[in-house]
Each structure stands twice: as structure tokens, then as C-alpha cells.
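Letter by letter, the chains look like this.
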Amino acid sequence: MIQDGGDQISRENLERLRVDMLARAENYFRLAMNFYENLAPANFTDLDELYLRHSCMSRADCLFEMGQFDKAVLVYEDVAMRYQLTPTALMAFMQVMNCHLKMDRPDEARSANRRALWQLSKMPDDVLASNSWTMNRQQWQEWFAWTDGAGMW
């Protein structure tokens, strides 16, 4: 038991609270996605695109953390399609692989890994170079090659 301000909180109550907070966050990210997707194109800014992208990934992350891997994989797949040939798609593919592994679907994880490598091979160098917050081409290639040869599937 954990003591919090004199109240005892059980592990089960903490887990319920965690899942409730994740469910709320997932809903808010879904609402944010709907908001940005429905903006008039003339009013859609680069910042709006950034918020939309982050809302998509964060919604999927919430589903993943709640153990809803079947739902999370659908959202991550949507992100990978929506942001093709970008580092965001590669990050989504990483999570698609993780979802499939959690659901004991190694063939689907392998397929996602190969699709990620294909997208990486088609990705322009300037897209990778312009994103200092993510890995470079060689690092991505090494990561996907490692996962392919690691014996996870």
C-alpha cells in the first residue's frame, strides 16, 4: 500500500486511475485530431500540422499504454500512411512492430519492419537531415536491421 495524504491507495486503484487518465487523454487527443482535420485549408498552418501529427501519435501511444494493441496498431498504421516518407512514419512503424509483438503476431511485426525499411529507402536525404530530433538514415537502417536480425520473429 502507498500512503498519500493519510489515504491508502492500493495498487489496483492506482492501475484503475492510470487507465482512466490514459483513456481521458486518448479521447482528448482524438478530439484534437478531429479539430485539426476539420480546419479550413486556408487556415491550416505549419503549427496546426505539428499539433495534428503529435495528437495522432499521442493518441496511439495512449492506446498502447492501456494495452489496447489492436486499436493502437490501427492508429499507428494511419500515422505511417498519413506521414509517409517522414521520420514520423518510421516512429509509427516502430510502434506497429511493438504492437504486433505484444499480440504475438511476429509475421505482422516482420512485415511492418520491412515496410519501414522500404519507406526509409525512398525517403529523401533532406527530410532526414532537416529533423535533428530524430535519427539519421544510417541509425534508422541499423535499428531496423537489428530488429530484423534480433530473432524476435
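What this report covers is the structure whose coordinates are included nearby. Bear in mind the structure is a predicted one, so any value in this text is a computation, not a measurement.

Cut-off values and rules
Residues numbered from 1 in each chain as written. Predicted model: local features only at pLDDT ≥ 70, side-chain atom pairs only at ≥ 80, totals over all residues. Heavy atoms only, no water. Salt bridge = Lys/Arg side-chain N within 4 Å of Asp/Glu carboxyl O. Helix = DSSP H or I, 4+ residues; strand = E, 2+ residues; numbered from the N terminus. Buried < 20%, exposed > 50% of the residue type's maximum accessible area, 1.4 Å probe, protein only. Core = buried A, V, L, I, M, F, W, Y, C linked by side-chain atoms within 4.5 Å. Contact = heavy atoms within 4.5 Å. Axes fitted to C-alpha atoms, helices over the stretch in contact; angles between N-to-C directions. Parallel < 35°, antiparallel > 145°, perpendicular 65-115°, else oblique. Left-handed = near helix turned anticlockwise from the far one by under 90°. Nonpolar A, V, L, I, M, F, W, Y, C, P; charged D, E, K, R; others polar.

1. Describing the pattern of salt bridges
Evaluated as defined, the whole model comprises 8 salt bridges. R18 serves as the salt-bridge partner of E15, at 2.9 Å between the closest nitrogen and oxygen. With a gap of 3 residues between them, E15 and R18 both fall in helix α1 (residues 11-37), about one helical turn apart. The exposure class of R18 is partly exposed, given its relative accessible area of 34%. Through salt bridges that share partners, E37, D78 and R82 make up one connected network.

2. Describing the nonpolar core
Counting residues in hydrophobic clusters, the biggest one holds 34 residues, and the most contacted among them are Y76, L90, C99, W140 and F144. Residue assignment for this core shows that the elements contributing at least two residues are α1, α2 (46-65), α3 (69-82), α4 (87-102), α5 (106-122) and α7 (137-149). Setting aside chain neighbours within four positions, we find Y76 in contact with M57, A60, D61, F64, A92, Q95, V96 and C99.

3. What to know about the packing of α2 against α3
When two helices pack together, their arrangement is captured by the angle between the axes and the distance separating the axes. At their nearest, the axes of α2 and α3 sit 7 Å apart, and the two run at 160 degrees to each other. Between α2 and α3, the crossing angle belongs to the class labelled roughly antiparallel. Note on packing geometry: the crossing formed by α2 with α3 is left-handed. The residues of α3 that touch α2, namely those facing L52, C56, M57, R59, A60, D61, L63 and F64, are F69, K71, A72, V75, Y76, V79 and R82. Class assignment of the residues belonging to the contact of α2 with α3 gives a composition of 11 nonpolar, no polar and 4 charged.

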